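Residues per chain, in single letters:
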Amino acid sequence: TFYVIECEGLPSTLKCDSLYAPEWKELAVEKEHVGFIGLGVMGSPMAAHLVRAGYPMTVFNRTSVKMEPLMAIGAAPSGSCRELASRSDIVISMVSDSPDVEEVYLGPDGVLAGVRKGSLLIDMSTISPGMAIRVTRCAEEAGCTMMDAPVSGGDVGARNATLSIMVGGETQAFDRALPLLQVLGKPILCGPSGAGQTVKACNQIATALHLVAMSEALVLGQKAGVDPTVILQVLGAGYAESRVMDVRGPRVVRRDFAPGFRGRLHHKDLHIVLETARELGCPLPASALAHELFSSVVANGWGDLDHSAVIRVLETLAGVEVTGSAPR
Ligand code: NAP
């Protein structure tokens, strides 16, 4: 949000991002035009929050029918990323993986083919830090600024606007994006371009290992004939408590694996983790194990289930199912 203000003693109107002095008179509140690309599980509620916060918006989704709910609340549709960029001051993307971001920004019908000079580009997808830096350099050559801003908090965080947003970029760009990002959750500037994606990779290590730890605990308990609900209660009240277990544990015991965060996306994220670690010469043995377990999630056809379906791999190894009933 920029306030256009008029102040006695000053020659003309000024634009600023907050009202500093009571004698300044607010003339209008101008919001920058946002273009939003990728209306999936995450992008759709995020775009809707911005429309409801008063941002004029153009949307693009590859599968065009997904634009309809946004059009119903006032967003304008577009036929390509290129067309969307030509109408926007700020472009946000929320697509799947590194090659998708490459296509969305650098493809023949991509954002950089239509973008206006001075635009701010924010990619909120989870991709490799290397790709984030590469696309940012191309954006700078086109006269724009770009930030990586992946998120944590899942579909619930997107719906409740409580996402943790990990930003890589310059301070000036961060300040420009701040009012908009605050509509979606809590933005934190992590460092220069790519740093947001690096922090997200760290986040995905911790989340995957929490899930695997919870799964092994529940499988062992089930094998011994202890009620998994009791295990969740006791662990949740002690030193081993975790948000992952609080949110996913009860759903696992109910055998509810509806996504949520799809297993195949967490597999993709662990691939990014290991690729980044290899580039840096950083051994991550536990992440490598988690990557293999998520490979098994995908190989078994469970990739479109919630990532907590990783417990099914461990259940298969142990020959039990965590249900609360007597072990097989
Ligand atoms: P999703 O529901 O599968 O949506 C993906 C979106 O990206 C769809 O709109 C899809 O378009 C679009 N897309 C993919 N490839 C594209 C391409 N090449 N060109 C144009 N559009 C393309 O995924 P999501 O759960 O919203 O996740 C989006 C990103 O957020 C991922 O990077 C994921 O890792 C990250 N993330 C997800 C969660 C979560 O809990 N879901 C949490 C944190 C971070 P179509 O509709 O045409 O397929």
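All of these numbers come straight from a predicted model, not from anything done at the bench.

(A) Inspection of helix α14 (residues 310-318) at higher detail. Turning to α14, its buried residues number three or more, namely Val310, Ile311, Val313, Leu314 and Glu315. Note on α14: the residue one or two positions beyond its end, Gly319, has a positive phi of about 70°.

(B) Quick peek at the pairing of strand β12 (residues 185-191). Taken together, the six bridges between strand β11 (residues 163-168) and β12 define a ladder with parallel strand orientation. Bridge pairing links Val167 to Leu189 in β12. Viewed along the sheet, the connection from β11 through helix α8 (residues 171-184) into β12 turns out right-handed.

(C) Layout of the side chain of Ser78. Mapped onto the fold, Ser78 is located in the loop between β6 (76-77) and α3 (81-86). Of the polar contacts made by the side chain of Ser78, one reaches the backbone oxygen of Val59; its length is 2.9 Å. Not counting the four nearest positions on each side in its chain, Ser78 is found in contact with Thr58, Val59, Phe60, Met67, Glu83, Leu84 and Arg87.

(D) The arrangement of the packing of helix α12 (residues 263-280) against helix α13 (residues 285-299) in detail. Close contact between α12 and α13 brings their axes to 9 Å; oriented N to C, the two are set at 150°. It follows from the interaxial angle that α12 and α13 lie roughly antiparallel. Considering how the two elements wind past one another, α12 and α13 form a crossing that is left-handed. Each of Gly263, Arg264, His266, His267, Leu270, His271, Val273 and Leu274 in α12 lies in contact with α13, whose residues at this interface are Ser287, Ala288, Ala290, His291, Phe294, Ser295, Val297 and Val298. Its residues assigned to classes, the contact of α12 with α13 shows eight nonpolar, seven polar and one charged.

(E) Expanded view of the environment of Val297. By the secondary structure assignment, Val297 is in helix α13. Distance from Val297 to Ser308, taken between C-alpha atoms, is 9.8 Å for residues 11 residues apart in sequence. With residues near it in sequence (within four places) discarded, Val297 still touches Gly263, Trp302, Gly303, Ala309, Val310 and Val313.

(F) Region of the structure containing the packing of aromatic side chains. Enumeration over the complete set of coordinates arrives at zero aromatic pairs. Taking NZ or CZ as reference, Lys31 lies 5.5 Å from the ring centre of Tyr55, over its face. Lying over the aromatic face of Trp302, Arg312 brings its terminal NZ or CZ to 5.4 Å of the ring centre.

(G) Representation of the pairing of β11 in the model. Of all the six residues making up β11, five are buried; the element is thus mostly covered by neighbouring parts of the structure. Where strand β10 (residues 151-152) meets β11, two bridges bridge the pair, whose relative direction is antiparallel. Of the residues in β11, the one forming a bridge with Val151 is Ile165.

About the thresholds
- Residues numbered from 1 in each chain as written.
- Predicted model: local features only at pLDDT ≥ 70, side-chain atom pairs only at ≥ 80, totals over all residues.
- Heavy atoms only, no water.
- Buried < 20%, exposed > 50% of the residue type's maximum accessible area, 1.4 Å probe, protein only.
- Helix = DSSP H or I, 4+ residues; strand = E, 2+ residues; numbered from the N terminus.
- Pairing = 2+ DSSP bridges.
- Right-handed = clockwise from strand over helix to strand, strands pointing away.
- Polar contact = N/O pair within 3.5 Å; in protein donor to acceptor, adjacent residues only side chain to side chain.
- Contact = heavy atoms within 4.5 Å.
- Axes fitted to C-alpha atoms, helices over the stretch in contact; angles between N-to-C directions.
- Parallel < 35°, antiparallel > 145°, perpendicular 65-115°, else oblique.
- Left-handed = near helix turned anticlockwise from the far one by under 90°.
- Nonpolar A, V, L, I, M, F, W, Y, C, P; charged D, E, K, R; others polar.
- Phe/Tyr/Trp six-rings, centres within 6.5 Å; stacked < 30°, edge-to-face > 60°.
- Lys NZ or Arg CZ within 6 Å of the ring centre and 35° of its normal.

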